[in-house]
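Single-letter residue listing:
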Amino acid sequence: SDTSGVALAAALKADECQIYTDVDGVYTTDPRIVPEARRLDTVTFEEMLEMASLGSKVLQIRSVEFAGKYNVRLRVLSSFEDPEATSQGTLITYEEDKHMEKATISGIAFNRDEAKISVMGVEDRPGIAYSILGPIAAANIDVDMIVQNIGASGHTDFSFTVNRSEYQKALDVLSRERTKAFKAREIIGDSRICKVSVVGIGMRSHTGIASKMFKALADEGINIQMISTSEIKISVVIDEKYLELAVRVLHQVFELDKAPSAGA
């Protein structure tokens, strides 16, 4: 596995660990959706971890975590390419690297395997989130995004996303618990959603990334159903039918087809 190679490189204090995969590096997004997607020369461990966890399938998350922990630089290369070829793959490195590309956004990740469940009209009281999510956790179902609306007249709506393969199981759990753990006006689900995320350490020093992202989607008539953010990523849940359009538009708006200048 990738991880054992990384462990060996760490033990040998190697300059870098080369991982050969079926792609010649890490791209700004999936080239099958955006032909102009660009291979990144460098990307940070943090960005790679976010991209891997958000749906980018280039590397096993464990090997990236492991390499980050032991400060082993990783290089992703293609197993099919002529070793004499000029492509140097993508170097996954630390943020401190002086030669890092100074892009605001490094990539766009997406995940089709999402489903959304909304529990409508539950009591707006302390512990209601646990009443709903406790049984879901007990059934070993992972929850991704969570949104609770502002309560009105003592009631609120509570939405969360799960992996699509566990969607029906989650609905079954909630329908069993509905009268016992919580009361709700209705439980509605949508298994035709997807998650699209922009990732980049440049977000720490640049403002306005979220508004740029939301405007780009609004201009295409794409409704955002849920939003979650972290220090270096913004994820939105949208209707699955807009997945490819959203990825293409965001790739264009953030000019990911152009190599960033070193001092930008």
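Residues numbered from 1 in each chain as written. Predicted model: local features only at pLDDT ≥ 70, side-chain atom pairs only at ≥ 80, totals over all residues. Heavy atoms only, no water.

Draft legend 1. Fine view of the nonpolar core. Membership of the largest hydrophobic core comes to 24 residues, with the highest contact counts inside it found for Val-196, Val-198, Met-213, Val-247, Leu-250 and Phe-254. Among the secondary structure elements, those contributing two or more residues to this core are strand E5 (107-123), strand E8 (186-199), helix H6 (209-219), strand E10 (233-239) and helix H7 (243-253). Among the elements that line this core, the one with the most residues is H7, at five residues. Beyond its immediate sequence surroundings of up to four residues, Val-247 is in contact with Thr-29, Ile-33, Val-34, Ile-108, Phe-110 and Val-196. (Core = buried A, V, L, I, M, F, W, Y, C linked by side-chain atoms within 4.5 Å. Buried < 20%, exposed > 50% of the residue type's maximum accessible area, 1.4 Å probe, protein only. Helix = DSSP H or I, 4+ residues; strand = E, 2+ residues; numbered from the N terminus. Contact = heavy atoms within 4.5 Å.)

Draft legend 2. Inspection of the environment of Phe-45 at higher detail. Tracing the chain through its elements places Phe-45 in helix H2 (residues 45-53). With a relative accessible area of 8%, Phe-45 lands in the buried category. Spatially, the C-alpha atom of Phe-45 lies 9.6 Å from that of Leu-91, the residues being 46 residues apart in sequence.

Draft legend 3. Here's a closer look at the side chain of Thr-28. Among the structural elements, Thr-28 can be located in the loop between strand E1 (16-21) and strand E2 (42-44). With residues near it in sequence (within four places) discarded, Thr-28 still touches Ala-37, Arg-38, Leu-40, Ser-106, Gly-107, Ile-108, His-251 and Leu-256.

Draft legend 4. The arrangement of the environment of Glu-255 in detail. Mapped onto the fold, Glu-255 is located in the segment after H7. The spacing of Glu-255 and Thr-104 is 151 residues in sequence and 10.0 Å in space, taken between C-alpha atoms.

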